Amino acid sequence: FVVLVAGVATSTTLYLRAEEARVRAEAAAERSLAAIGFTEEIVRSTKPGYMSEDVNVSEVLGRISERLEEAFPDDPEVEAAIRTSIGLSYQDLANLNPAAQTEEYLDAARAHFERALALRHARLPEADPQVLEARRNLVDLLDEMGDHAEAERHQRIVWDTLRESLGEQDPETIDAMIRVSEILAREEKFDEAVRLARVG
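This is a predicted model, so every value here is computed, not measured. (Residues numbered from 1 in each chain as written. Predicted model: local features only at pLDDT ≥ 70, side-chain atom pairs only at ≥ 80, totals over all residues. Heavy atoms only, no water.)

1. Section: the overall build of the protein chain
Stated precisely, the cut-off is as follows: A run of H or I in DSSP becomes a helix once it reaches four residues, and a run of E becomes a strand once it reaches two; helices and strands are each numbered from the N terminus. To sort residues, take the accessible area from a 1.4 Å probe on protein chains only and compare it with the maximum for the residue type: under 20% means buried, over 50% means exposed, and anything in between is partly exposed. It only takes one pair of heavy atoms within 4.5 Å for two residues to be counted as in contact. Each accessible area value is a Shrake-Rupley result obtained with a 1.4 Å probe; residue values ignore everything except the protein chains displayed when judging cover.
A tally of regular secondary structure across the protein chain gives 8 helices and 0 strands. Its helices and strands taken in sequence order, the protein chain reads α-α-α-α-α-α-α-α from the N to the C terminus. Every one of the 200 residues in the protein chain was classed for burial, and the buried ones make up 34%. A separation threshold of at least 6 residues defines the contact pool for the protein chain, and within that pool the share at least 24 residues apart is 53%. Total accessible area computed for the protein chain in this model is approximately 12000 Å², and 55% of it derives from carbon and sulfur atoms.

Spelled out as structure tokens, the structure:
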């Protein structure tokens, strides 16, 4: 009887885990299909007659940005993922184009990264990889834009979070600390930057 009960309990546990994994996989698939459908709709809208005759990347990104706000009201995960991709694309544009539009593209990237971070942070803990990724994207951009103080603030959050979740000596934690020291150096806080670098 005991063996039977134990077997049933084990089978039930395995079933529930498999069912949970299946539900997660289905949800992920639905999110992917939603994102693909949204992207296809935007691409179709770039055909002649909808936009300028010579469609460029910034126009497409702008159109996606306009539609994104209301496209996924019930699925912040999809919106965050798309905003991350758009932000990275704007960042690439800023690095590839002359200074005339660099600031415009970087500002657009910042808006998308900040929104992606807010969406992820609202439903996930700080130590979640998606939140950390969103914050790191923002750190890199802010550092590039010259807003070193804000970049330092976000990077210190990353560092503190990794210290709590992984420990002081974990390689990822040490990398985060070194990143803080790099930003401090750009802020001309050399003493603190050197102290952290030596500890690392």
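2. Quick look at the packing of helix 5 (residues 129–145) against helix 7 (residues 171–186)
For the record, the criterion: Whenever a helix is involved, its axis is fitted only over the stretch in contact; in every case the axis is a line through C-alpha atoms, and angles between N-to-C directions fall within 0 to 180 degrees. Here is the rule for angles: anything less than 35 degrees is roughly parallel, anything more than 145 is roughly antiparallel, 65 through 115 is roughly perpendicular, and the remaining ranges are oblique. Crossing chirality is assigned from the near helix's rotation relative to the far helix, an anticlockwise turn below a right angle marking it left-handed and a clockwise turn marking it right-handed. Residue type decides the class: Asp, Glu, Lys and Arg count as charged, Ala, Val, Leu, Ile, Met, Phe, Trp, Tyr, Cys and Pro as nonpolar, and the leftover types, Gly among them, as polar.
Where helix 5 contacts helix 7, the axes come no closer than 12 Å and their chain directions differ by 20°. In terms of orientation, helix 5 and helix 7 fall into the roughly parallel class. Where helix 5 crosses over helix 7, the two elements pack in a sense that is left-handed. For the pair helix 5 and helix 7, the contacting residues are R136, V139, D140 and D143 in the first and E172, R179, I183 and R186 in the second. Looking at side-chain class alone, the contact of helix 5 with helix 7 contains 2 nonpolar, no polar and 6 charged residues.

3. Details of the nonpolar core
Nonpolar side chains in soluble globular proteins tend to be buried together. Note the following rule: The definition of a nonpolar core used throughout is a set of buried Ala, Val, Leu, Ile, Met, Phe, Trp, Tyr and Cys residues joined through side-chain atoms within 4.5 Å.
In this structure, I82, I86 and Y90 are the most contacted members of the largest nonpolar core, which totals 25 residues. If you list the elements that add at least two residues to this core, you get helix 2 (57–71), helix 3 (76–96), helix 4 (99–123) and helix 5. Core analysis: the second largest hydrophobic core is formed by 11 residues, V158, L162, I174 and M177 among them.

4. Structural notes on the confidence of the model for the protein chain
Keep this limit in mind: You can read pLDDT as the predictor saying how much it trusts each residue, on a scale of 0 to 100.
Looking at the protein chain, pLDDT values average 78 and 69% of them are 70 or higher. Across the protein chain, helix 6 (residues 148–166) holds the top mean pLDDT of 96, while helix 1 (residues 2–44) sits lowest at 52. Below a pLDDT of 50 lies the segment residues 46–54, which in the model reaches 12 contacts outside its immediate sequence neighbourhood of four places, other chains included.

5. As for the pattern of salt bridges
Where charged atoms of side chains with opposite charge meet at close range, the side chains can pair. Rules: For this analysis, a salt bridge means a side-chain nitrogen from Lys or Arg found within 4 Å of a carboxyl oxygen belonging to Asp or Glu.
Under the criterion given, the structure shown has 19 salt bridges. In this structure, E79 and R83 form a salt bridge, with 2.8 Å as the shortest nitrogen-oxygen distance. Residue E79 and its partner R83 are located together in helix 3, separated by 4 residues, close to a single helical turn. Just as E79 is buried, R83 falls in that class too. Ionic pairing is found between E192 and R156, a salt bridge with its closest N-O pair at 2.6 Å. Of the two residues, E192 sits in helix 8 (residues 190–199) while R156 sits in helix 6, which places them 36 residues apart along the sequence. In this structure, a network of salt bridges that share partners links the residues D140, D143, R179, E182 and R186.

6. Some remarks on the environment of R156
To be explicit about the condition: Any pair of nitrogen or oxygen atoms within 3.5 Å is treated as a polar contact; in protein, a donor-acceptor pairing is required on top of that, and neighbouring residues in sequence qualify only through side-chain atoms on both sides.
A relative accessible area of 23% means that R156 is categorised as partly exposed. A C-alpha to C-alpha distance of 6.6 Å links R156 and V180, two positions 24 residues apart in sequence. R156 has contacts with V180, L184 and E192, leaving out every residue within four places of it along the chain. Separated by 2.8 Å, the side chains of R156 and E152 make a polar contact.

7. Considering helix 5
This is how the line gets drawn: Here the expected span of a helix is defined as 1.5 Å times the quantity of residues minus one.
Here helix 5 contains 17 residues, and its C-alpha end-to-end distance of 24 Å stays within 8% of the 24 Å for a straight helix at 1.5 Å per residue. By the burial criterion, the buried members of helix 5 are V131, L132, A134, R135, N137, L138, V139, L141, L142 and D143. For helix 5, the N-terminal capping position is held by D128, with its side-chain oxygen 2.9 Å away from the main-chain nitrogen of Q130. A positive phi of about 90° marks G146, the residue just after helix 5.

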